[in-house]
Structure formats: C-alpha cells, structure tokens
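Coordinate inspection notes
Letter by letter, the chains look like this.
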Amino acid sequence: LKKIFHKIDEDGSGALSFDELESGAKKVGELGQWLRVMDIDHGDLKQLFEIVDGDGSGEVDPEEFVEAMFRMTNTEAKTATK
C-alpha cells in the first residue's frame with residue numbers, strides 16, 4: 001500500500017490531494033485493482049477521500065491512506081460473507 005501511495009503522490013509532497021487520488025485511480029493499476037475489489041467507482045472517489053482524510057486537512061498522509069485502505073478491505077471481506 002505504501003508503494004501505491006508513493007506512485008500516486010505526483011508532486012512528491014508526502015501527502016495526497018484529491019486530484020492525485022483521482023489521477024492515480026486512472027493511471028496506477030494497483031490502485032485501480034484495490035478500488036475494484038472494494039467496489040469503488042469514479043463517482044465514489046470523493047467520498048472515499050473524505051473518509052480516508054481522517055483529520056480533515058484536505059490531504060491524505062501515508063499513514064491515513066494505508067490504515068484506511070487496509071481497514072476497508074478487511075471490513076468489506078467480512079461484510080461480504082454475511
């Protein structure tokens with residue numbers, strides 16, 4: 001997940017803007033795969049960004065990204081089996 005984060009951090013700032021997440025979803029295959037697994041389409045990206053941006057800063061740092069993506073994939077797997 002950290003590798004994916006760094007691939008989509010286009011300006012190398014160490015934080016993701018919504019534009020970087022949106023662009024990364026199109027350009028970075030691994031992120032696209034994660035989003036498909038979680039059944040998140042382009043229309044859901046803004047909501048995903050707001051969820052992942054836990055501190056409301058308008059940017060997502062690596063810890064927020066990794067923790068949220070990991071938590072969401074594990075939650076999805078559990079709810080899908082019920």
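Attention here is on the structure that accompanies the text.

1. Details of the packing of aromatic side chains
Inspection of every chain in the model, using the stated rule, returns two aromatic pairs. Ring centres of phenylalanine 18 and phenylalanine 49 lie 5.8 Å apart, and the angle between their planes is 75°; this geometry places the pair in the edge-to-face category. With a gap of 31 residues between them, phenylalanine 18 in helix H2 (residues 18-27) and phenylalanine 49 in helix H4 (residues 45-52) connect regions that are remote in the sequence. As far as burial versus exposure is concerned, phenylalanine 18 and phenylalanine 49 are alike and both buried. A cation sits over an aromatic face here: lysine 46 above phenylalanine 18, 4.7 Å from the ring centre.

2. Quick look at helix H3 (residues 29-37)
Of the positions making up H3, those classed as buried are Leu31, Gly32 and Leu35. For H3, the buried positions fall inside an angular range of 100° around the axis, keeping them on one side. Opposite the buried face of H3, at more than 90 degrees from it, the exposed residues are Arg36 and Val37. Directly beyond the C-terminal end of H3, a positive phi value near 60° is found at aspartate 39.

3. A short note on the environment of leucine 21
The residue leucine 21 is located in helix H2 in this model. In this structure, the C-alpha to C-alpha distance between leucine 21 and glutamate 10, residues eleven residues apart in sequence, is 9.4 Å. Contact partners of leucine 21, with chain neighbours within four places excluded, come to Ile8, Leu31, Leu45, Leu48 and Phe49.

4. Things to note about the side chain of glutamate 20
Along the chain, glutamate 20 falls in helix H2. Buried charged residue glutamate 20 carries no salt bridge. Nearest counter-charge: lysine 27, at 10 Å. At 3.0 Å, the side chain of glutamate 20 and the backbone nitrogen of glutamate 10 are in polar contact. In this structure glutamate 20 touches Ile8, Asp9, Glu10, Asp11 and Ala15, once residues within four positions along its chain are discounted.

5. Re the environment of leucine 35
You can see leucine 35 is positioned in helix H3. Through-space distance from the C-alpha of leucine 35 to that of leucine 48 is 9.8 Å; in sequence the pair is 13 residues apart.

Conventions adopted
- Residues numbered from 1 in each chain as written.
- Predicted model: local features only at pLDDT ≥ 70, side-chain atom pairs only at ≥ 80, totals over all residues.
- Heavy atoms only, no water.
- Phe/Tyr/Trp six-rings, centres within 6.5 Å; stacked < 30°, edge-to-face > 60°.
- Helix = DSSP H or I, 4+ residues; strand = E, 2+ residues; numbered from the N terminus.
- Buried < 20%, exposed > 50% of the residue type's maximum accessible area, 1.4 Å probe, protein only.
- Lys NZ or Arg CZ within 6 Å of the ring centre and 35° of its normal.
- Arc of directions from axis to C-beta.
- Contact = heavy atoms within 4.5 Å.
- Lys, Arg positive; Asp, Glu negative; His and termini not counted.
- Salt bridge = Lys/Arg side-chain N within 4 Å of Asp/Glu carboxyl O.
- Polar contact = N/O pair within 3.5 Å; in protein donor to acceptor, adjacent residues only side chain to side chain.

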